[in-house]
Structures are given as C-alpha cells and as structure tokens.
Amino acid sequence: MNRRKTLGALAARLALSLSSAATAAAHTELLAQHAAAAKAANPAFAGFSVERGRLLHARSFAGGKPETPACTSCHGNDPRAAGRTPSGKNIDPLAISVSPARYTDPAKVDKWFRRNCIEVLGRECSALEKGDWLSYVLSQ
C-alpha cells in the first residue's frame, strides 16, 4: 500500500514537471515570436524589458476608451491579483505565478492583445510593447 502511494506521488510530480516544462516552452516561444517581429520592425532591437512592461501596464493613455485609460483599469496594479471589467466581470490574475496556464495559446494571446490594446491605447500594440508587457507579467 505504501509503495502505491509513493508511485502515485512520483507520477503526479512527473506529470506536473512535464506540464510546467511545456508551459515554460510555450512562453519562451511566444516571446521569441514577438522578438522576431520587434527585430523586423527595428533592427536595433536589443531585447525586452520587464521594467518597460511594468511602466506600460501602469501608464494611462488618452487614445483608448475613457473608462479604460490603463491596463490597471481592469487588471489592477498587482498582476498577481484578480481584476474586474467595468461591467463587473471577474478577470483571472495576469501573473503566471498565479495563473500558470496563461499565455500558452498564441491565438488567444493575440486576440486579447488586439482587443485590450485598442481599448486602452486606441491602437494595436507594437511587438516591442507586447514583448515588454509579457516579460513583465511572466516575471510576476
């Protein structure tokens, strides 16, 4: 009986480890895609910045919707905390330390970047902005 519990616990740890590795690989690939796009837009691109991403997250913009002038309007200041839309809908935390499965589906990430950047900035985000912001929330 004790051997079964040990084997079960070992199998669970292995599955979690493989899942974590796959999630980390998806995040790395997503950042690589944005880095390639940023390099194409600006050959002097030297990498993403967690600090620029933090500033982008907190900054207010005048070009988007008045009720959502910043990412923090819905997501709050702490990416590890849940957010709320102006209509009251709950939003899962942005930080992967709290929501590890976030940012694993590139199509879903692109969809939300497009929608949220237009609502907040009044335009689509650049590859540099996307990579900086992702670097920030992936570091949390």
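Treat the numbers as computed from the prediction; the structure is a model and nothing was measured. (Residues numbered from 1 in each chain as written. Predicted model: local features only at pLDDT ≥ 70, side-chain atom pairs only at ≥ 80, totals over all residues. Heavy atoms only, no water.)

Novice: Explanation requested: the packing of aromatic side chains in the structure shown.
Specialist: All chains considered together, the criterion is met by three aromatic pairs. Between Tyr 103 and Trp 133 the ring centres are 6.2 Å apart and the planes differ by 80°, which places this aromatic pair in the edge-to-face class. In this pair, Tyr 103 sits in the loop between strand E2 (90-91) and helix H4 (106-121) while Trp 133 sits in helix H5 (residues 127-138), placing the two residues 30 residues apart along the sequence. According to the relative accessible area criterion, Tyr 103 is buried, its value standing at 10%. (Phe/Tyr/Trp six-rings, centres within 6.5 Å; stacked < 30°, edge-to-face > 60°. Helix = DSSP H or I, 4+ residues; strand = E, 2+ residues; numbered from the N terminus. Buried < 20%, exposed > 50% of the residue type's maximum accessible area, 1.4 Å probe, protein only.)

Novice: Sorry if this is basic, but what is going on with the confidence of the model for the protein chain here?
Specialist: Interpretation of the predicted coordinates at a detailed level should be avoided for regions scoring low in pLDDT. Taken residue by residue, the protein chain gives an average pLDDT of 88. The fraction at 70 or more is 84%. Mean pLDDT values for the elements of the protein chain range from 71 in helix H1 (residues 2-41) up to 98 in helix H2 (residues 50-58). (pLDDT = per-residue confidence, 0-100.)

Novice: Would you take a moment to explain the side chain of His 34 for this structure?
Specialist: In this structure, His 34 sits in helix H1. Ignoring any residue separated from it by four or fewer positions in sequence, one finds His 34 in contact with Phe 48, Asp 110, Phe 113, Ala 127, Lys 130, Gly 131 and Leu 134. (Contact = heavy atoms within 4.5 Å.)

Novice: Is there a simple way to think about the pattern of salt bridges in this case?
Specialist: Charged atoms that come close allow side chains of opposite charge to pair. Across all of its chains, the model carries six salt bridges by this definition. Where Glu 51 meets Arg 54, a salt bridge forms, and the shortest distance between an N and an O atom there is 2.6 Å. Of the two residues, Glu 51 and Arg 54 are both situated in helix H2; the distance of three residues between them amounts to about one turn of the helix. Judged by its relative accessible area of 42%, Glu 51 falls in the partly exposed class. For Arg 114, the salt bridge identified is with Glu 124, shortest N-O distance 4.0 Å. (Salt bridge = Lys/Arg side-chain N within 4 Å of Asp/Glu carboxyl O.)

Novice: Explain H2 here, please?
Specialist: Because the α-helix completes a turn every 3.6 residues, residues three or four places apart line up on one side. Along H2, the positions that sit buried rather than exposed are Gly 53, Leu 56 and His 57. Buried residues of H2, seen end-on, are gathered within an arc of 100° and therefore sit on one face of the element. Capping of H2 at its N-terminal end is provided by Ser 49; its side-chain oxygen lies 3.3 Å from the backbone amide nitrogen of Glu 51. (Arc of directions from axis to C-beta. Polar contact = N/O pair within 3.5 Å; in protein donor to acceptor, adjacent residues only side chain to side chain.)

Novice: Got a minute to help me understand the side chain of Asp 132 in this structure?
Specialist: Positionally, Asp 132 belongs in helix H5. Within the structure, Asp 132 has its side chain in polar contact with the backbone nitrogen of Ser 49 (distance 2.7 Å). Discounting chain neighbours no more than four positions away, the residues touching Asp 132 are Phe 48, Ser 49, Arg 52 and Gly 53.

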